[in-house]
Amino acid sequence: MTILPYALMICLGAITVSMLLCLIRLITGPSIVDRLLALDTLFLNATCLIVILGIYWSSSFLFEGALLVAMLGFVSTTALARYFTTGHVID
């Protein structure tokens, strides 16, 4: 009997708790910078969650989904940071 399924379940629980805490910070953040960082961390946690589910279910399609979530998270965080600092996204 292997320990991998148990370790993946513990990881899923930890990432779920982390996502809930990021969601709380996203909703109640005192400043826009806190909310932006919480959103970026939420994207990172979602990527990790998808990768762990891909390992657990032995599916290679979820890794492509994780890559898409990571790319969209980076682009959206960069665009929002640019918008909040300069007031526009494209020069």
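What you are looking at is a predicted structure, and each value in this text was computed from that prediction instead of being measured. (Residues numbered from 1 in each chain as written. Predicted model: local features only at pLDDT ≥ 70, side-chain atom pairs only at ≥ 80, totals over all residues. Heavy atoms only, no water.)

Some remarks on the nonpolar core
If you look at the biggest cluster of nonpolar residues, it comprises eight residues: Leu 8, Leu 12, Ile 15, Met 19, Cys 22, Leu 42, Ala 46 and Ile 52. Elements that contribute at least two residues to this core include exactly helix H1 (4-28) and helix H2 (32-57). No other element matches H1, which puts five residues into this core. Setting aside residues no more than four positions away along its own chain, Leu 8 makes contact with Ile 52, Ile 55 and Tyr 56. (Core = buried A, V, L, I, M, F, W, Y, C linked by side-chain atoms within 4.5 Å. Buried < 20%, exposed > 50% of the residue type's maximum accessible area, 1.4 Å probe, protein only. Helix = DSSP H or I, 4+ residues; strand = E, 2+ residues; numbered from the N terminus. Contact = heavy atoms within 4.5 Å.)

As for unusual backbone geometry
Positive phi is not limited to glycine here, since Ser 58 has a value of about 55 degrees. Of note, Ser 58 is situated in the loop between H2 and helix H3 (61-86). Accessibility expressed as a relative area gives 68% for Ser 58, which makes it exposed.

Quick word on the side chain of Asn 45
As for its position among the elements, Asn 45 is in helix H2. When neighbours within four sequence positions are excluded, Asn 45 is seen to be in contact with Ile 15, Ser 18, Met 19 and Cys 22.

Things to note about the confidence of the model for the protein chain
Confidence in the prediction for the protein chain averages 92 pLDDT; 100% of positions are at 70 or higher. Of all secondary-structure elements in the protein chain, the lowest mean pLDDT belongs to H3, at 92, while H1 reaches the highest, 96. (pLDDT = per-residue confidence, 0-100.)

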